[in-house]
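If you want the building blocks of each chain, they are given just below.
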Amino acid sequence: PETGCLSIIVLGASGDLAKKKTFPALFHLYRQGFIQSHDVHIFGYARTMISDNDLRDRIRGYLTPCKGFEQTHEKDVNEFLQLIKYVSGAYDTEEGFRLLDKAISEYELSKNSTEGSSRRLFYLALPPSVYPPVCKMIKSYCMNKSDLGGWTRIVVEKPFGKDLASAEELSTQIGELFDEPQIYRIDHYLGKELVQNLMVLRFANRLFLPLWNRDNISNIQIVFREDFGTDGRGGYFDQYGIIRDIIQNHLLQVLCLVAMEKPVSLKPEHVRDEKVKVLQSVLPIEDSEVVLGQYEGYTDDPTVPDNSNTPTFATMVLRIHNERWEGVPFIMKAGKALNSRKAEIRVQFKDVPGDIYKCKNQGRNEFVIRLQPSEAMYMKLTVKQPGLEMKTVQSELDLSYGQRYQGTIIPEAYERLILDTIRGDQQHFVRRDELKAAWEIFTPLLHRIDRGEMKPLPYKPGSRGPEAADKLAEQAGYVQTHGYIWIPPTL
Ligand code: BG6
């Protein structure tokens with residue numbers, strides 16, 4: 001691993017993302033020894049004129065204890081907060097950024113710096129509208145000092161634009177200032193334990209190799225459900241909607257890992273080459289294979305216009321035009337204010353040909369990867385009902401993480417991804433051409449919705465969403481198993 005000074009600069013330090021995700025993730029990395037006080041300094045930057053201590057106080061309450069370190073939590077928090085220095089300034093004028101550079105440089109020089117000691121990680125916990133000016137300021141005033149070596153990296157998060165044209169414009173503006181290896185586009189789903197397991201499952205298990213294709217798989221669902229609404233984020237959400245907020249990024253990334261071909265190696269470029277290829281094979285989305293919904297009461301939020309056409313729910317079928325997947329629908333489903341919270345991938349296999357048990361109605365084999373909560377993988381099987389009679393019943397092979405990996409701490413997505421940015425590993429970050437291909441898939445549909453040509457159906461908060469969505473999945477070929485529910489094992 002590299003040594004020397006590392007500066008992590010959180011821009012937008014007093015905003016929601018920084019407080020809820022970035023600083024807590026940094027704290028956990030610190031507590032676990034991945035970043036250490038002797039070579040790391042953290043700078044918060046924002047417009048508000050506050051002191052170092054004010055910022056520390058604002059963050060403190062969000063730093064949750066690391067499992068196993070509850071006893072020393074308060075002491076750990078105090079030590080961690082001492083690493084943070086605050087600099088205030090605007091996002092588009094040079095004064096603030098000159099001050100920031102001065103603060104970072106002083107720290108780098110104070111450390112008896114050695115070669116490679118000017119490592120600067122800029123985390124833009126900011127709205128994308130200010131990415132271009134901020135990147136320009138960083139490039140002009142805050143780059144790593146070449147006499148000390150090291151690097152400068154930029155971490156950005158969605159929304160990367162609103163459609164293909166705006167995303168490309170943003171990419172071009174940033175791309176004129178930084179090279180692709182310096183840009184880390186976070187999609188936090190790529191940091192989830194079971195998402196990171198997808199490639200291992202597919203490419204390190206002989207069992208799946210012959211099955212993972214159109215000959216055996218009937219349909220695949222990629223599902224995201226939340227049991228709460230937009231909760232105070234209505235203003236932001238209304239401009240984007242569920243497709244831009246969840247499907248175009250999080251669920252599509254999952255689709256890539258489920259559907260892509262085996263990469264040449266695990267090198268980030270090899271992996272991302274395959275993701276781009278599969279995205280480019282996705283056919284245009286048919287309106288008849290889309291169901292939109294909006295939960296009743298969504299527009300009660302004062303920041304949401306009364307006549308909003310924004311979907312808070314969507315189900316749609318994506319079709320991949322290649323040798324492996326032709327004819328296999330990928331049913332993407334995402335919704336807010338539903339009856340449960342979960343994210344899962346459900347691979348449904350075809351019926352057994354020449355069935356002698358006449359168990360067709362009982363259920364198809366399904367391989368389910370539960371991303372959250374209660375991380376698990378289970379394979380739904382038909383087995384003999386134990387007992388004297390020869391009867392079949394649905395059961396499962398179950399790998400539930402809570403049970404199988406007791407005592408193992410599953411890291412938060414952001415922890416893992418921030419560590420990758422420090423280590424310089426871009427495998428779990430979205431490349432520019434990948435982002436473009438993702439927008440190409442959804443932009444025509446999004447424009448039709450934005451123009452009001454497609455309307456969301458109302459649904460009751462706390463329900464399954466519009467009934468038409470279940471019908472669509474059924475039409476696409478999904479067969480629901482009645483009378484079988486997977487129950488996560490208790491410890
Ligand atoms: C964010 C979306 O990217 O992901 C939110 O903007 C959503 O609307 C969140 O709630 C879900 O993340 P997770 O990790 O809780 O599934």
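Definitions and limits used
- Residues numbered from 1 in each chain as written.
- Predicted model: local features only at pLDDT ≥ 70, side-chain atom pairs only at ≥ 80, totals over all residues.
- Heavy atoms only, no water.
- Buried < 20%, exposed > 50% of the residue type's maximum accessible area, 1.4 Å probe, protein only.
- Helix = DSSP H or I, 4+ residues; strand = E, 2+ residues; numbered from the N terminus.
- Pairing = 2+ DSSP bridges.
- Phe/Tyr/Trp six-rings, centres within 6.5 Å; stacked < 30°, edge-to-face > 60°.
- Lys NZ or Arg CZ within 6 Å of the ring centre and 35° of its normal.
- Polar contact = N/O pair within 3.5 Å; in protein donor to acceptor, adjacent residues only side chain to side chain.
- Contact = heavy atoms within 4.5 Å.
- Patch = residues over 30% accessible without salt bridge, like charges linked within 9 Å, V, L, I, M, F, W, Y side chains within 5 Å.
- Areas by Shrake-Rupley, 256 points an atom, 1.4 Å probe, with all protein chains shown as cover.
- Salt bridge = Lys/Arg side-chain N within 4 Å of Asp/Glu carboxyl O.
- Lys, Arg positive; Asp, Glu negative; His and termini not counted.
- Core = buried A, V, L, I, M, F, W, Y, C linked by side-chain atoms within 4.5 Å.
- Near = heavy atom within 4 Å.
- Nonpolar A, V, L, I, M, F, W, Y, C, P; charged D, E, K, R; others polar.
- Axes fitted to C-alpha atoms, helices over the stretch in contact; angles between N-to-C directions.

Colleague: Any details on the pairing of strand β8 (residues 290–295)? Residues and values, ideally.
Modeller: If a strand is regular, its side chains alternate between the two faces of the sheet. Counting buried residues in β8 gives six out of six residues, a clear majority hidden from the surface. With burial as the criterion, each face of β8 is covered, one bearing V290, L292 and Q294 and the other bearing V291, G293 and Y295. Pairing of β8 with strand β9 (residues 313–319), which is carried by four bridges, proceeds in the antiparallel orientation. Counted as the bridge partner of G293 is F313 from β9. Across three bridges, the pairing between β8 and strand β15 (residues 457–459) is parallel.

Colleague: Break down the packing of aromatic side chains for me, citing the residues and quoting the values.
Modeller: For the structure shown, the criterion picks out 18 aromatic pairs. Judged by centre distance (5.7 Å) and plane angle (45°), the rings of Y30 and F80 are tilted. Of this pair, Y30 sits in helix α1 (residues 16–31) while F80 sits in helix α3 (residues 73–82), placing them 50 residues apart in sequence. Y30 sits in the buried class, given a relative accessible area of 12%. By the ring-pair criterion, three or more aromatic residues cluster together here, those being F237, Y295, Y298, F313 and Y459. In this arrangement the basic side chain of K139 is found over the ring face of F178, its NZ or CZ atom lying 5.8 Å from the centre. Its end group placed over the ring of Y189, K192 keeps NZ or CZ at 4.6 Å from the ring centre.

Colleague: Describe in detail the side chain of R185, supporting the description with residues and values.
Modeller: Structurally, the position occupied by R185 is in strand β6 (residues 183–186). Given a relative accessible area of 5%, R185 falls into the buried group. A polar contact of 2.7 Å, which involves the side chain of R185, links it to the side chain of E180. Within polar-contact distance, the side chain of R185 engages the backbone oxygen of V430 at 2.9 Å. Ignoring anything within four residues of it in the chain, the contact list for R185 reads V156, F160, E180, F429, V430, R431, R432 and L435.

Colleague: So what about a nonpolar patch on the surface? Which residues, and what values?
Modeller: Taken together, the side chains of I356, Y357 and M390 make up a nonpolar region of the molecular surface, amounting to roughly 390 Å² of accessible area. With respect to the helices, strands and loops of the structure, I356 is situated in the loop between β11 (342–349) and β12 (366–372). For I356, a relative accessible area of 66% gives the class exposed.

Colleague: An account of the side chain of R202 is requested, with residue identities and associated values reported.
Modeller: Along the chain, R202 falls in helix α8 (residues 198–203). Of the side chains with opposite charge, E261 lies nearest to the buried R202, which makes no salt bridge, at 5.7 Å. Sequence-distant contacts of R202, defined by excluding residues within four places in its chain, comprise L209, W212, L257, V258, A259, M260 and R324.

Colleague: Could you give an account of the pairing of β12, naming the residues involved and the relevant values?
Modeller: Taking burial as the measure, the seven residues of β12 include seven buried ones, the bulk of the element. Of the strand pairs in this sheet, β11 and β12 are connected by six bridges, and their pairing is antiparallel. Paired with E344 across the strands is R370, a residue of β12. Here β12 runs beside strand β13 (residues 376–384); their pairing, made up of five bridges, is antiparallel. Directly across from V368, in β13, lies its bridge partner Y378. Following β12, the chain reverses through three residues before pairing antiparallel with β13; S374 in that reversal takes a positive phi of roughly 50°.

Colleague: An account of the pattern of salt bridges is requested, with residue identities and associated values reported.
Modeller: Two side chains bearing opposite charge may form a pair once their charged atoms approach each other closely. Applying the stated rule across the entire model yields 34 salt bridges. A salt bridge links D245 to K158; the shortest N-O distance between them is 3.3 Å. Here D245 is found in helix α9 (residues 234–259), whereas its partner K158 is found in the loop between β5 (150–157) and α6 (164–175), with 87 residues between them in sequence. What makes K158 buried here is its relative accessible area of 19%. Among the salt bridges present, the one from E434 reaches K275, with a minimum N-O distance of 3.0 Å. A residue pair is termed long-range when its members are at least 10 positions apart, and E434 in helix α13 (residues 432–450) and K275 in helix α10 (residues 268–280) qualify at 159 residues. Accessibility classification places E434 together with K275 in one group, the buried group. By sharing partners, the salt bridges in this structure join E269, R272, D273, R431 and D433 into a single network.

Colleague: Give me the lowdown on the nonpolar core, citing residues and values where you can.
Modeller: Counting 149 residues, the largest nonpolar core has L124, I138, I243, M316 and L318 as its most contacted members. Setting aside chain neighbours within four positions, we find L318 in contact with L252, L255, V282, I285, V328, P329, F330, M332, I441 and F442. Counting five residues, the second largest nonpolar core, distinct from the first, contains V368, A376, Y484 and W486.

Colleague: I'd like a rundown of the site of the ligand, residues and numbers included.
Modeller: In the vicinity of the ligand there are 13 residues, among which K158, Y189, E226, D245 and Q372 approach most closely. Within the side chain of R233, one N or O atom sits 2.9 Å away from an oxygen atom of the ligand. One of the side-chain nitrogen or oxygen atoms of H250 is found 2.7 Å away from an oxygen atom of the ligand. Among the elements that make up the shell around the ligand, the one with the highest residue count is α9 (three residues). Split by residue class, the shell around the ligand holds three nonpolar, three polar and seven charged.

Colleague: Help me get a handle on the sheet that holds strand β1 (residues 6–11), residues and values and all.
Modeller: The sheet built from six strands is open, its strands ordered β3-β2-β1-β4-β5-β6 with parallel pairing. At either margin of the open sheet sits one strand with a lone partner, and together these are β3 (84–88) and β6. Between one strand axis and the next, the sheet turns by 20° as a mean value, whatever way the strands run. The sheet contact formed by β5 and β6 spans four bridges and is parallel. Residue pairing for β6: V156 is matched across the bridge by R185.

Colleague: Describe the sheet that holds β12, with residues and values.
Modeller: Spatially, the nine strands line up as an open sheet ordered β14-β13-β12-β11-β7-β10-β9-β8-β15, and their pairing is mixed. Of all the strands in the sheet, the pair left with one neighbour each is β14 (392–400) and β15. Adjacent strand axes in the sheet meet at a mean angle of 20° when their direction is disregarded. Across the sheet, α9 touches β7 (217–225), β8, β9, β10 (329–335), β11 and β12, and the angle it forms with β10 is around 145°. Along the sheet, α13 contacts β8 and β9; its crossing angle with β9, the most-contacted strand, is approximately 140°.

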